Amino acid sequence: QLSTALSNCFKCDLHRLEEGPPVKAELTREQGLQYYRTMQTVRRMELKADQLYKQKIIRGFCHLYDGQEACAAGIEAAINPSDHLITAYRAHGYTYTRGVSVKEILAELTGRRGGVAKGKGGSMHMYAPHFYGGNGIVGAQVPLGAGIALACQYQGNNQVCVTLYGDGAANQGQLFESYNMAALWKLPCIFICENNKYGMGTSVERAAASTDYYKRGDFIPGLRVDGMDVLCVREAAQFAADHCRAGKGPIIMELQTYRYHGHSMSDPGVSYRTREEIQEVRSKSDPISMLKERMLSHNMASVEEFKEIDIEIRKQVEDATQFATSDPEPPLEELCNHIFSNNP
């Protein structure tokens, strides 16, 4: 088995940049298996959340991340755990890549004591060290991310903040206010638009006069890559992080991706797009299958190894589900705890 495969990645569109990320990305066997495990875990976890939702064990808002796993896995592979990340409400994947266990995520979704936010946050409000959560208000996380980047600059710790939003939030005024301040103050902020082609049930073409989201920072440099290829995402995110750490100010990254589920669990997701379209993306550009095929064709791993990983992940998710459905809900007297940081 080869330990390294050179894969010919990738097309990258640039805005206000002399040069972009390298066109060749290197993948080691260890990295490949690690990315596969991360993406497959998120996929299995989201499919389990779908099942629990349909059984009415999970209630309320629930936005699933399946299809977009390469974005979270690729970004995380390019930054440090000490860097900062904030996203919108489709946050289960990032909660996992930022270090929270499947068990704590599923228990949060079912509103139990053992959940990452003690069962009080639910799907859109999970947090971890250097992870400032899901945010339920469209676009609201973007000025917050710029503020976290301001803190990084103020503390001079050479850290960056990854600020994520979707194509649906990309037309919000607060984004442009944040771009302006970030550019004026040269904040180490990576603005990332996860463009999954639809904002709720509205296609990007119907919602935006310009769908070149990576150019919409105008005076801020930008780049656009394939968000379904974990290596492309990693290389682009590495490039963006280097740009910020070099003191060049903010940068915008657009990841072209796709969600398999509807906008949320209350959206069947097939009234504004065809089942054939979803099926085509699944069969041609699924992030997990693409990585697996690439590794198999380079003899970097065997079919058996992937099978073993899958079995292991399935068991992990089943055990987590067991916990998330049996753990008690928080008692009533917990209701007013953890409201003030200095609560006696």
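The coordinates are above.
Computed from a predicted model, the values in this text were never measured in an experiment. (Residues numbered from 1 in each chain as written. Predicted model: local features only at pLDDT ≥ 70, side-chain atom pairs only at ≥ 80, totals over all residues. Heavy atoms only, no water.)

Participant: Give me the lowdown on the pairing of strand β5 (residues 161-166), citing residues and values where you can.
Facilitator: Counted residue by residue, β5 has five buried out of six residues, so it is predominantly covered. Relative to β5, strand β4 (residues 84-86) is paired through three bridges, and the arrangement is parallel. Bridged to His84 within β5 is Cys161. Where the polypeptide runs from β5 across helix α6 (residues 173-184) and back to strand β6 (residues 189-195), its parallel neighbour, the crossover connection is right-handed. (Buried < 20%, exposed > 50% of the residue type's maximum accessible area, 1.4 Å probe, protein only. Helix = DSSP H or I, 4+ residues; strand = E, 2+ residues; numbered from the N terminus. Pairing = 2+ DSSP bridges. Right-handed = clockwise from strand over helix to strand, strands pointing away.)

Participant: How would you explain unusual backbone geometry if you had to name every residue and give the values?
Facilitator: The phi dihedral of Lys118 is positive, around 60°, even though this residue is not glycine. Position of Lys118 among the secondary structure elements: in the loop between α4 (102-109) and α5 (141-155). The phi dihedral of His130 falls on the positive side, at around 65°, and the residue is not glycine.

Participant: I'd like a rundown of the pattern of salt bridges, residues and numbers included.
Facilitator: Within the structure shown, the criterion is met by 16 salt bridges. Note that Glu305 is salt-bridged to Arg29, the shortest N-O span being 2.7 Å. Remark: Arg29 occurs in helix α1 (residues 29-54) and Glu305 occurs in helix α11 (residues 303-326); sequence separation between them is 276 residues. In this structure Arg29 comes out as buried when scored by relative accessible area, which is 17%. Between Arg43 and Glu69 there is a salt bridge; the shortest N-O distance is 2.6 Å. Of this pair, Arg43 sits in helix α1 while Glu69 sits in helix α2 (residues 69-78), placing them 26 residues apart in sequence. The burial state of Arg43 is the same as that of Glu69; both residues are buried. (Salt bridge = Lys/Arg side-chain N within 4 Å of Asp/Glu carboxyl O.)

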